[in-house]
Structure formats: C-alpha cells, structure tokens
Amino acid sequence: MLTGIRLLIFACITLTSFVSSAGFHFEPYLGGALMGKWKSDDTKGDISMTELGLKMGYQAPSGFQIGGELQLAGSEYEKFLSTTETKAGLAAFGIYTGYQSEMGWRGYLHFLFASALAFDDTAKTGLAGNGLKLGVGYSLVSWFAINVEYHSMTYSKYKD
C-alpha cells in the first residue's frame, strides 16, 4: 500500500512538471565556437572556445523569459601576446530576455555586464569587459535544444 502511494506521488510530480508551461526556468548548456575572431589595435587572430553555462530565471505562460546567466569557458587565442597560441579561461555574468514558442522555436538576447579573461602566460595577463550575445534555436524536446549564437565582447580593462 505504501509503495503504491509513493508511486502515485512520483507519477503526479513527474506528469505535472511536463504539463506545466510557466515558472522557474533552469537551463544548463554546453557549447563550442565554430568560428571566432579577435582583434586589437594592430593584431588579430582566431579563437577556439568550449563553454559551459547556466541560465536561471522565469518563463511566463506566454513564452517570454527573463533571468540571469553564468558562463565559464576555456579558449585558445591564435597570435596573442606574440606567441603562436595562448590559452585562457573566461568567466562572464549577465542577464537575458527571450521567447520560447510552443512550436519549439526560441530567440534571446543577453547582456553580459561582467566578463573576465585570464590568460595562461608568464605575466598572468587578464582582461575585463562586457558585451552582448544574440541567439536563436529550436527545442527538440523539453530538455534539449540546439542554438546558434553571436557573441560580441569588448574588453577595455587590461591587467598584467
């Protein structure tokens, strides 16, 4: 009898979460840069990046979303600091707004108000700045989506 009640409670909680279309929004993500460029006053190069992040916020029944984001990444910068390739770690914090349609299409805009790069070089160089991220995607199932994003970051503070 007790096992049957536990099974009924588990089924109610599980089925209710699939029917629900509004409330707390929790989205972990994993991504990679297919193409990236960086430039400074007199130098430029390519970037490769793997990122891990988390978006948390609220999604209204109409599909509109608002919340915050934490993004962590490991990256490699070609021709940075007069070397062939320099590795760096990235951490960024920001806010986002977006829309998720019932058909699975999504669009969003992020403002990353704090972003920091820490380079793996002998001088322990660091950069700080902010930027925007614009994305579109499609949610195949409620727990999996494929997105394409455009990032534009500006780093104006330099530390060595």
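Residues numbered from 1 in each chain as written. Predicted model: local features only at pLDDT ≥ 70, side-chain atom pairs only at ≥ 80, totals over all residues. Heavy atoms only, no water.

K.L.:
Mind showing me how you'd approach the environment of L34 here?
P.N.:
Note on placement: L34 falls in the loop between β1 (23-32) and β2 (37-39). Given the relative accessible area of 90%, L34 is considered exposed. Separated by 14 residues in sequence, L34 and S48 place their C-alpha atoms 7.3 Å apart. (Helix = DSSP H or I, 4+ residues; strand = E, 2+ residues; numbered from the N terminus. Buried < 20%, exposed > 50% of the residue type's maximum accessible area, 1.4 Å probe, protein only.)

K.L.:
What is the right way to read the packing of aromatic side chains from this model?
P.N.:
We describe a pair of aromatic rings using the distance from one ring centre to the other and the angle between the two ring planes. In total, this model carries five aromatic pairs according to the counting rule given. If you follow K55 out to its NZ or CZ, it ends over the ring of Y96, 4.9 Å from the centre. In this structure, K55 is placed above the aromatic ring of Y108, and the distance from its NZ or CZ to the ring centre is 4.1 Å. (Phe/Tyr/Trp six-rings, centres within 6.5 Å; stacked < 30°, edge-to-face > 60°. Lys NZ or Arg CZ within 6 Å of the ring centre and 35° of its normal.)

K.L.:
How do you make sense of the environment of S139 when you look at a structure like this?
P.N.:
Relative to the assigned elements, S139 resides in strand β7 (residues 126-141). In this structure S139 comes out as buried when scored by relative accessible area, which is 13%. Along the backbone, S139 and G104 are 35 residues apart, and their C-alpha atoms lie at a distance of 4.7 Å. Contacts of S139, omitting those with residues within four sequence positions, involve Q100, G104, F144 and A145. At 3.5 Å, the side chain of S139 forms a polar contact with the backbone oxygen of F144. (Contact = heavy atoms within 4.5 Å. Polar contact = N/O pair within 3.5 Å; in protein donor to acceptor, adjacent residues only side chain to side chain.)

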